[in-house]
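Given next are the chains, with one letter for each unit.
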Amino acid sequence: MGTEWDTLRKQARLLENDIDMKLIAFNKVGVGAASSSVAPTGNTDTSPLLGDHVFESLSLEIEQMLDKLSNINEKMSEIPNSGAAVMHVLQRHREILHGYRQEYLKIQANHTTRMEREELLRGSGLGTSSPSTSGLSRRDMYLKENTHLHSSSSLVNDQISIAMETKEHLTSQRQHLKRFQTRMHDISNRFPLISSLIQRINIRKRRESLILGGVIAVCTILLLVYAFH
């Protein structure tokens, strides 16, 4: 188990590093492809196509790497293991994979939104009176949109971080409760006299409660008979 686990974990780490670098390049290419589609030069016919080609190639490559990382995680989960440390490592790799998928989808969505916005701007004929004025207006719009996107991304990342911390905290509490339950079960199995003593105490408590209830009932009846005599 140890050799296979270590090998798969090394592969997962290397692949995670590669995906991280690919995502950075993927984001830069996505922004560059969208920006080149509105360049005020005369080469607007070839630059967007080249940027889109690189973007699609990176997208396909990252998808394949994510699928490969998912398969490695599945193989790691199929290896018989024991201990909270191993489960924590496996859970961490799954969270990293989930984070990469979310980042990949976000970059794709942002790229699609940029391209659709550019199509709308070209279709509306914005800035036909003056190229310099058109470039300035679009630049301001892009800066504002970029600020809004950055703020939204920061808020989403904060919410995801809070959710992940809450999840880890709940998982830790559940593990503590399981260990406590296991210890109590072991104590109960090792010391059957304690269980028997507890049962006797409970029986005696119930018997004393019945006796006390009977005495109270008899006293109440005697008081009622005395009162109405």
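None of the values given here were measured: they were computed from a predicted structure.

How each quantity is defined
- Residues numbered from 1 in each chain as written.
- Predicted model: local features only at pLDDT ≥ 70, side-chain atom pairs only at ≥ 80, totals over all residues.
- Heavy atoms only, no water.
- Helix = DSSP H or I, 4+ residues; strand = E, 2+ residues; numbered from the N terminus.
- Buried < 20%, exposed > 50% of the residue type's maximum accessible area, 1.4 Å probe, protein only.
- Contact = heavy atoms within 4.5 Å.
- Areas by Shrake-Rupley, 256 points an atom, 1.4 Å probe, with all protein chains shown as cover.
- Salt bridge = Lys/Arg side-chain N within 4 Å of Asp/Glu carboxyl O.
- Patch = residues over 30% accessible without salt bridge, like charges linked within 9 Å, V, L, I, M, F, W, Y side chains within 5 Å.
- Phe/Tyr/Trp six-rings, centres within 6.5 Å; stacked < 30°, edge-to-face > 60°.
- pLDDT = per-residue confidence, 0-100.

On a plain count of helices and strands, the protein chain comes out with five helices and zero strands. Reading the protein chain from its N terminus to its C terminus gives the helix and strand order α-α-α-α-α. Expressed as a percentage of the 229 residues in the protein chain, the buried residues total 21%. Intrachain contacts of the protein chain at a sequence separation of at least 6 include 83% that bridge at least 24 residues. Roughly 16,800 Å² of accessible area belongs to the protein chain as shown, and the carbon and sulfur atoms make up 61% of that amount.

The full count for this structure, using the stated rule, is five salt bridges. Here Arg92 and Glu95 are joined by a salt bridge, their closest N and O atoms 3.6 Å apart. Here Glu95 and Arg92 lie together in helix α3 (residues 84-124), a separation of three residues that amounts to about one turn. Given a relative accessible area of 13%, Glu95 falls into the buried group. A salt bridge links Lys106 to Glu103, with the nearest nitrogen and oxygen atoms 3.4 Å apart. Of the two residues, Lys106 and Glu103 both sit in helix α3, three residues apart, roughly one turn of that helix.

As a further point, take a nonpolar patch on the surface. Residues Phe180, Met184 and Ile187 make up a contiguous nonpolar surface patch of roughly 300 Å² in combined accessible area. Within the fold, Phe180 resides in helix α4 (residues 131-190).

Below, the discussion takes up the packing of aromatic side chains. For the coordinates displayed, the defined rule picks out two aromatic pairs. Here the aromatic rings of Phe26 and Phe55 are separated by 4.4 Å at their centres, their planes lie at 20 degrees, and the arrangement is stacked. With Phe26 in helix α1 (residues 2-36) and Phe55 in helix α2 (residues 47-78), the pair connects residues that are 29 residues apart, well separated along the chain. Taken as a pair, Phe26 and Phe55 share a single burial class, namely buried. Ring centres 5.6 Å apart and planes at 25 degrees place the aromatic pair Phe26 and Tyr104 in the stacked group. Of this pair, Phe26 sits in helix α1 while Tyr104 is found in helix α3, placing the two residues 78 residues apart along the sequence. Judged by its relative accessible area of 0%, Phe26 falls in the buried class. Accessibility expressed as a relative area gives 4% for Tyr104, which makes it buried. Through a chain of ring-to-ring contacts, three or more aromatic side chains come together here, namely Phe26, Phe55 and Tyr104.

On to the environment of Val54. Here Val54 is to be found in helix α2. Remark: the alpha-carbon pair of Val54 and Val29, spanning 25 residues in sequence, is separated by 7.3 Å.

Attention now goes to the confidence of the model for the protein chain. Segments scoring low in pLDDT should not have their predicted coordinates read at a detailed level. The predicted model of the protein chain averages 78 in pLDDT, with 77% of residues at 70 or higher. Ranking the elements of the protein chain by mean pLDDT puts α4 last, at 75, and α3 first, at 84. Below a pLDDT of 50 lies the segment residues 38-47, which in the model reaches seven contacts outside its immediate sequence neighbourhood of four places, other chains included. Contacts for the low-pLDDT stretch residues 126-136, under 50 throughout, to residues beyond four places or in other chains number five contacts.

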